[in-house]
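Residue-level structure breakdown
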Amino acid sequence: MKFPGWAIAGALLPAAVLGQGNLIPSAGVTTGDTYGSVQKSIVTVTGQSFSRATRVRTLGSPANPYDVGLTLRTAGPVARQDVVSGEVWIRRIAPADGDAFVTFNFEKAAPNYDKSHSVTLVSGSTNWTRFRFAFQSVDDYAAGAAQVSFHLGFPAQTLELGGLVVTNHARTRSLSEFPNDLTYAGRESDAPWRTAAAGRIATHRQALLSVSVIDGSGNPVPGAQVEVVQLRHAFGFGTAVDGARLLGQTVTAADRARYQSYLTNWFNKYVLENDLKWPNWERLSPNGARTATNALLWFQARGLPVRGHNLIWPGTGASYFLPADVPPLLANPEALRSRIQRHFEDILGRTRGLCTEWDVINEALHETELEAVLGRQELAGWFQRARALDPAPALYFNEYENLESPTRAGTQRLLEFLRDLKARGAPVDGVGLQSHFGSFLTSPQEVYDRISLLVTPSGNIPAPVTTAQITEFDVNVKDEQVQADYLRDFVTIAFSHPQVNAVMLWGFWAGAHWIPDAALLRQNWQPKPSGLQWSNLVYREWWTHTHVLTDAQGIASVRAFKGDYRVRVTRDGDTHEQSVSLAADTPVTIPWPVASPELQVSTDSSGLRLAWSGSATGFRVETARTLQPPDWTPAGGEPVLAGGQWTLVLPPPDSTQFVRLRR
């Protein structure tokens, strides 16, 4: 029987209250189901708030973290945007001298396993460590339609999980009320890697700029004020760009102006995010060749470098990899080769001289459909064709799941792939490391070591490439302070690596970013903490603008960050400036447009009378007995200014004496 009154009352309950409560059975993680190559057992725990825990022992090293795991279905419903919080405790058993890894997920309990929260937790201790988390659900789920999963597919390990609590607060609490225990090794202000990085930055990113100021007679000009003003970094601090927005095709004039202003004031290198990708290149509007080439010409007119991304993305998993007519050609390898060749000729011919480098291949370690048909040698041939069609740009292989993964498995796989390409004759100049960070933040020292693995020789084995570039960097975490700290530390360690030549962000503004939470600027253009860190590093801490006086030899020396400079010299109210490019220790001579004044010499009973113009300041008299070799020494006495002239009287010489004026 229905009770209408009760139904009305139920309808009046706030939607935010429905579904509140514990989402995990009281037995917690011990009730979880395992899958993949893993052994599970239940252990007794003492001294903790929970008395039983699950011990899991993985067997081998699977290809993906999600190939092995443990899951628990939710015991209650969850609504979209409900606030969920909780905690789990982890203890490492093995390896004895390393870390244990587990990725915690709250997700849909069926494909595509849409995730509301995912974070990789690292347990370096054999003591129980608590990890807290909080998030909002991305969808509506009935009881059992969502799950907590622990991905365990890392190198063989044994760990214990306990104390799991997952509570749905519906919409009665704010997400900001709950902590997320997300951090990374090396975040400490006194972490050892910081001192080493600072030393490398001073060694590899700075050079000595020696400015010598001489007058028209070749004399040094001491006491001149030298202002050294940096105009641009030699190192690339860049971002991805939306061509249509840059050109004003999709925004107002005001938004276009603001977008362009941030591009030219916060960055010095650029990559078109989508406009040069093969499918977009061949579309007529709003993207395609016209948008891409006009954007490239916009940067060229301002002397700003652009990297090309990308010539080929050799997979069929998404529409933005290849044009629609290409996947069907996998059944006809010769037609496929011909279609790729025509694309290379078209895009490299029409962008010749507009890109300083190209990602020739994008993500071929993950997108393998074309290689399966054409073979690995064909991939090497793509590099050879690119070099033949446009010899000037540097050629890169671009890949992900290297620096941003908990283990080095992806980095090792990339190293072997690069070695194979080089052995097949591919002219690969550098490796692009995408660096999209989210659920796991690799320690800065580990980032440095993985880059070194790819670009430095190992024993008698040469490195396949000697140049690396961070090509698509972003940090997608909810805690904005962690986000800012990690951006600061990641960019610092990359800048300190002598074989990294750029850090490219994959967007900077939340209004035009593939992951708005990862942007430096909010939707209203206000800088986030991460944006302030970027600006402070690039344009304050690593930026040279200083003043120094020339010494007695007319020389002013400054240790400055490599890049382009304006050097301005001021003396006696006059100013002269010169442009300088600092790539290594550089001596620069700046001629002073004023010659030494004419020295008037006369004799009388008091001795040798020397006089020169009163407008010429900073000069001294020197004398010598011989000019071969010269033995110039300062003359005694101080000149006197009177009647518009400087005058100095020297005692009568007892032999031949030479005199001169010097600054």
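Residues numbered from 1 in each chain as written. Predicted model: local features only at pLDDT ≥ 70, side-chain atom pairs only at ≥ 80, totals over all residues. Heavy atoms only, no water.

Here the second largest pocket defines a volume of roughly 400 Å³. The element contributing the most residues to the lining of the second largest pocket is strand β8 (residues 115-123), with three residues. Looking at the lining of the second largest pocket, its residues break down into ten nonpolar, six polar and five charged. (1 Å grid on protein atoms, 1.4 Å probe; cavity = no way out; pocket = protein on both sides within 12 Å on 5 of 7 lines; lining within 4 Å. Points joined across faces, edges and corners; volume = space filled by probe spheres on them. Helix = DSSP H or I, 4+ residues; strand = E, 2+ residues; numbered from the N terminus. Nonpolar A, V, L, I, M, F, W, Y, C, P; charged D, E, K, R; others polar.)

Moving on, we come to the environment of threonine 264. Turning to its location among the elements, threonine 264 is positioned in helix α4 (residues 253-266). Judged by its relative accessible area of 37%, threonine 264 falls in the partly exposed class. In sequence terms threonine 264 and glutamine 157 are 107 residues apart; their C-alpha atoms lie 48 Å from each other. Filtering out sequence-adjacent residues up to four positions away, threonine 264 remains in contact with Tyr270, Trp298 and Leu304. Within polar-contact distance, the side chain of threonine 264 engages the backbone oxygen of serine 261 at 3.3 Å. (Buried < 20%, exposed > 50% of the residue type's maximum accessible area, 1.4 Å probe, protein only. Contact = heavy atoms within 4.5 Å. Polar contact = N/O pair within 3.5 Å; in protein donor to acceptor, adjacent residues only side chain to side chain.)

Strand order across the open sheet formed by three strands is β24-β12-β27, with mixed pairing between neighbours. Strands at the two margins of the open sheet, each flanked by one partner only, are β24 (555-561) and β27 (586-591). Taken pair by pair, the neighbouring strands of this sheet meet at an average axis angle of 25°, ignoring direction. In the sheet, strand β12 (residues 206-214) pairs with β27 via six bridges, with the strands oriented parallel. By the bridge assignment, valine 213 is partnered in β27 with isoleucine 590. Helix α2 (residues 192-204) rests against β12 and β24 of the sheet, and its axis sits at about 40° to β12. (Pairing = 2+ DSSP bridges. Axes fitted to C-alpha atoms, helices over the stretch in contact; angles between N-to-C directions.)

What follows is about helix α11 (residues 444-455). Counted at 1.5 Å a residue, the expected span for α11 with its twelve residues is 16 Å, and the 17 Å between its end C-alpha atoms agrees. The element α11 is largely enclosed, with a buried count of nine among its twelve residues. For α11, the full list of buried residues reads Pro444, Glu446, Val447, Tyr448, Arg450, Ile451, Ser452, Leu454 and Val455. Buried residues belonging to α11 abut α2, α10 (409-423), β19 (430-433), β21 (468-475), α12 (480-496) and β22 (500-505). (Expected span 1.5 Å × (residues − 1).)

Following the criterion strictly, the structure yields one cavity of 30 Å³ or more and no others. Approximately 70 Å³ is the volume found for the largest cavity. Surrounding the largest cavity, Phe473, Asp474, Val475, Gln483, Leu487, Leu505, Gly507, His513, Ala518, Ala519, Leu520 and Ser530 form its lining. Class assignment for the residues of the lining of the largest cavity results in seven nonpolar, four polar and one charged.

Caution is warranted with low-pLDDT regions, since their predicted coordinates should not be read in detail. Residues with a pLDDT of 70 or more make up 96% of the chain, whose mean pLDDT is 91. This model gives residues 1-18 a pLDDT under 50, and the stretch forms nine contacts once residues within four places in sequence are excluded. (pLDDT = per-residue confidence, 0-100.)

For the rest of this paragraph, the subject is the pairing of strand β6 (residues 83-94). The element β6 is extensively covered by neighbouring structure, given that nine of its twelve residues are classed as buried. With nine bridges connecting them, β6 and strand β11 (residues 158-168) associate as antiparallel partners. Directly across from alanine 94, in β11, lies its bridge partner threonine 158.

Residue position: asparagine 398 is located in strand β18 (residues 394-399). Overall, asparagine 398 belongs to the buried group, its relative accessible area being 0%. A polar contact of 2.7 Å, which involves the side chain of asparagine 398, links it to the side chain of threonine 471.

Core analysis: the biggest nonpolar cluster contains 150 residues, and Phe150, Leu164, Trp382, Phe397, Ile470, Phe473 and Trp534 have the highest contact counts within it. With eight residues, the single largest contributor to this core is α12. Sequence-distant contacts of tryptophan 534, that is, excluding residues within four places in its chain, are made with Phe237, Gly238, Trp266, Phe267, Leu487, Val491, Val503, Leu505 and Leu520. In terms of nonpolar packing, the next biggest core, distinct from the first, is built from eleven residues, Leu610, Val621, Ala635 and Leu661 among them. (Core = buried A, V, L, I, M, F, W, Y, C linked by side-chain atoms within 4.5 Å.)

In this section: the packing of aromatic side chains. Within the structure shown, the criterion is met by 35 aromatic pairs. Plain terms: the ring middles of tyrosine 262 and phenylalanine 508 are 6.5 Å apart, the flat faces sit at 40° to each other, and that makes the pair tilted. Residue tyrosine 262 is located in helix α4, and its partner phenylalanine 508 is located in the loop between β22 and α13 (529-541); the two are separated by 246 residues in the primary sequence. Phenylalanine 508 matches tyrosine 262 in its accessibility class, with the two residues each being buried. Between the aromatic rings of phenylalanine 473 and phenylalanine 490, the centroid separation amounts to 4.4 Å while the plane-to-plane angle is 15°, which identifies the pairing as stacked. Taken together, the residues span a long stretch of sequence, with phenylalanine 473 in strand β21 and phenylalanine 490 in helix α12 at a distance of 17 residues. Here the basic side chain of arginine 245 rests over the ring of tyrosine 259, its NZ or CZ set 5.9 Å away from the ring centre. The side chain of arginine 307 reaches across the aromatic face of tyrosine 396, ending 5.2 Å from its centre. (Phe/Tyr/Trp six-rings, centres within 6.5 Å; stacked < 30°, edge-to-face > 60°. Lys NZ or Arg CZ within 6 Å of the ring centre and 35° of its normal.)

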